[in-house]
Amino acid sequence: DAGVIQSPRHEVTEMGQEVTLRCKPISGHNSLFWYRQTMMRGLELLIYFNNNVPIDDSGMPEDRFSAKMPNASFSTLKIQPSEPRDSAVYFCASSLEVYNSPLHFGNGTRLTVT
Amino acid sequence: TQLLEQSPQFLSIQEGENLTVYCNSSSVFSSLQWYRQEPGEGPVLLVTVVTGGEVKKLKRLTFQFGDARKDSSLHITAAQPGDTGLYLCAGARTGTASKLTFGTGTRLQVTL
């Protein structure tokens, strides 16, 4: 298996622009997670889906952030409009919703908003 | 609110030295996972501990879950440059990844 695939690897954009991050989870995994990692706050859970349904989005910072999972093999995280404080590494992870199943992370998207 | 505190935050040692990383919480977890993250990559699972007092070994790495399931430690014997990375503990309130809380992380650098 190719693992969790994220694109793009790097994104540089200007404040106010829309940013879309993409994720393809591991085939057969029924849970998908979006995390954000910064030096100050570490790894934070933004939202997670189970069987394509958003279960908990309490970690989404504000209305500028939205996430979708139209099918089992694809998810997007959108920021509109983007702000410099959104600069971070965004990770997508997938897992099986079974006891002690680990998270499998992608290699992340490094977002820089200028 | 950060429920899992790791110490130390940073550690720079020479090859061959031993080290211990701690992961502490006031909350009880049903299980605890340790991940290692290398630059430019996502975290990768090292081990999962489930039972209070459990000890697991992975080559030169020894993981222990506290008796009360509130804390854990990672001990590395004879560290090597390949051990360099960010070590993250993650506690699960229930058994599934959906309730995983990550620790603050320990950044380890091992030099020759």
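The residue numbering used here restarts from 1 in each chain and proceeds along that chain's sequence as written. In the order they appear in the text, chains get letters beginning with A and ligands get numbers beginning with 1. Reporting in this predicted model follows two pLDDT cut-offs: at least 70 for local features of residues, and 80 or more for side-chain atom pairs to be given and counted; totals over whole chains, interfaces and linings ignore these cut-offs and use all residues. Think of the side-chain values as coming from all heavy atoms in the structure, minus any hydrogens and water.

A few words on the state of the cysteines. Residue and element names in this part refer to chain B. Any two cysteine sulfur atoms within 2.5 Å of one another count as a disulfide. Going through the model one piece at a time under the given rule, you end up with two disulfides over all chains. Bridging Cys 23 to Cys 89, the disulfide has an S-S length of 2.1 Å. Its torsion about the S-S bond being 80°, the disulfide of Cys 23 and Cys 89 is classed as right-handed. With a gap of 66 residues between them, Cys 23 in strand 3 (residues 19-24) and Cys 89 in strand 9 (residues 85-92) connect regions that are remote in the sequence. The two residues Cys 23 and Cys 89 agree in class, both being buried. Numbering of helices and strands starts at the N terminus; helices are DSSP runs of H or I of at least 4 residues and strands are runs of E of at least 2. A 1.4 Å probe rolled over the protein chains alone gives each residue an accessible area, and that area as a share of the maximum for its type sets the label: buried under 20%, exposed over 50%, partly exposed in between.

Residue and element names in this part refer to chain A. Strand pairing is assigned whenever DSSP detects at least two bridges linking the two strands. Across the sheet, four strands lie side by side as 1-3-8-7; this open sheet has antiparallel pairing. One side of each edge strand has no neighbouring strand; the edge strands of this open sheet are strand 1 (5-7) and strand 7 (65-71). Taken over all neighbouring pairs, the strand axes of this sheet differ in orientation by 15° on average, direction set aside. Pairing of strand 7 with strand 8 (residues 74-79), which is carried by five bridges, proceeds in the antiparallel orientation. The residue bridging Ser 66 from the neighbouring strand is Lys 78, located in strand 8. Here an angle of 0 to 180 degrees is reported between the N-to-C directions of two axes, which are lines fitted to C-alpha atoms, with helices fitted over the stretch in contact.

Here we come to the side chain of A:Thr13. Residue and element names in this part refer to chain A. Its place among the elements puts Thr 13 in strand 2 (residues 10-13). Taking relative accessible area as the criterion, Thr 13 reaches 11% and is therefore assigned buried. Contact criterion: two residues are considered in contact whenever any of their non-hydrogen atoms come within 4.5 Å of each other. Beyond its immediate sequence surroundings of up to four residues, Thr 13 is in contact with Val 19, Ser 82, Leu 111, Thr 112, Val 113 and Thr 114.

This part takes up the sheet that holds strand 7 (residues 61-65) of chain B. Residues and elements named next belong to chain B. Spatially, five strands are ordered 1-3-8-7-6 in an open sheet, and the strand pairing comes out antiparallel. Two strands lie at the open edges of the sheet, namely strand 1 (5-7) and strand 6 (55-58), each paired on one side alone. The mean inter-strand angle of the sheet, taken between neighbouring strand axes irrespective of direction, is 15°.

Our next topic: the environment of B:Leu46. Residues and elements named next belong to chain B. Structurally, the position occupied by Leu 46 is in strand 5 (residues 44-49). Between the C-alpha atoms of Leu 46 and Leu 11, which are 35 residues apart in sequence, the distance is 19 Å. Not counting residues within four places of it along the chain, the set of residues in contact with Leu 46 comprises Trp 34, Tyr 35, Arg 36, Leu 58, Leu 61, Phe 63 and Tyr 87.

Facing 20 residues of chain A, the contacting portion of chain B comprises 22 residues. With both chains or domains summed, chain A and chain B bury close to 1,700 Å², and 53% of this area falls on carbon and sulfur atoms. The largest contributions to the chain A side of the interface with chain B come from A:Leu43, A:Tyr99 and A:Asn100, which together make up 28% of the buried area. Just to be clear on terms, a salt bridge is a Lys or Arg side-chain nitrogen sitting within 4 Å of an Asp or Glu carboxyl oxygen. The tally of links between chain A and chain B comes to zero salt bridges. For the purposes of these results, a polar contact is taken to be a pair of N or O atoms within 3.5 Å, where, inside protein, one atom must be able to donate a hydrogen and its partner to accept one; residues adjacent in sequence count only when each atom of the pair is a side-chain atom. At the boundary of chain A with chain B, the tally comes to four residue pairs in polar contact (both at pLDDT 80 or more). Contributions of two or more residues to the side of chain A that touches chain B are made by strand 4 (31-38), strand 5 (42-50) and strand 9 (88-95) of chain A. With three residues, the top contributor of residues to the side of chain A that touches chain B is strand 4 of chain A. Within the side of chain A that touches chain B, the residues separate by chemical class into eleven nonpolar, six polar and three charged. Values labelled buried area give the accessible surface lost by two parts on being combined, using a 1.4 Å probe and summing over both. Residue type decides the class: Asp, Glu, Lys and Arg count as charged, Ala, Val, Leu, Ile, Met, Phe, Trp, Tyr, Cys and Pro as nonpolar, and the leftover types, Gly among them, as polar.

Turning next to the packing of aromatic side chains. Working definition: a ring pair exists when centres of Phe, Tyr or Trp rings (six-membered ring for Trp) sit within 6.5 Å. Plane angles under 30 degrees give stacked, over 60 give edge-to-face, the rest tilted. In the structure shown here, the tally under the stated rule is nine aromatic pairs over all chains. Both rings, one in A:Phe105 and one in B:Tyr35, keep their centres 6.1 Å apart while their planes meet at 90°; by these two values the pair is edge-to-face. In this pair, A:Phe105 is assigned in strand 10 (residues 104-105) and B:Tyr35 in strand 4 (residues 31-37), connecting two distinct chains. For B:Tyr35, a relative accessible area of 0% puts it in the buried group.

This brings us to the pattern of salt bridges. Under the defined criterion, the tally for this structure stands at ten salt bridges over all chains. Note that A:Glu62 is salt-bridged to A:Arg85, the shortest N-O span being 3.2 Å. A residue pair is termed long-range when its members are at least 10 positions apart, and A:Glu62 in the loop between strand 6 (53-56) and strand 7 and A:Arg85 in the loop between strand 8 and strand 9 qualify at 23 residues. What makes A:Glu62 partly exposed here is its relative accessible area of 26%. Overall, A:Arg85 belongs to the exposed group, its relative accessible area being 56%. The partner of B:Glu54 in a salt bridge is B:Lys56, and the shortest N-O contact between them spans 3.9 Å. Here B:Lys56 falls in the partly exposed class, since its relative accessible area comes to 32%. Sharing partners across several salt bridges, the network here consists of A:Glu62, A:Arg64, A:Glu83, A:Arg85 and A:Asp86.

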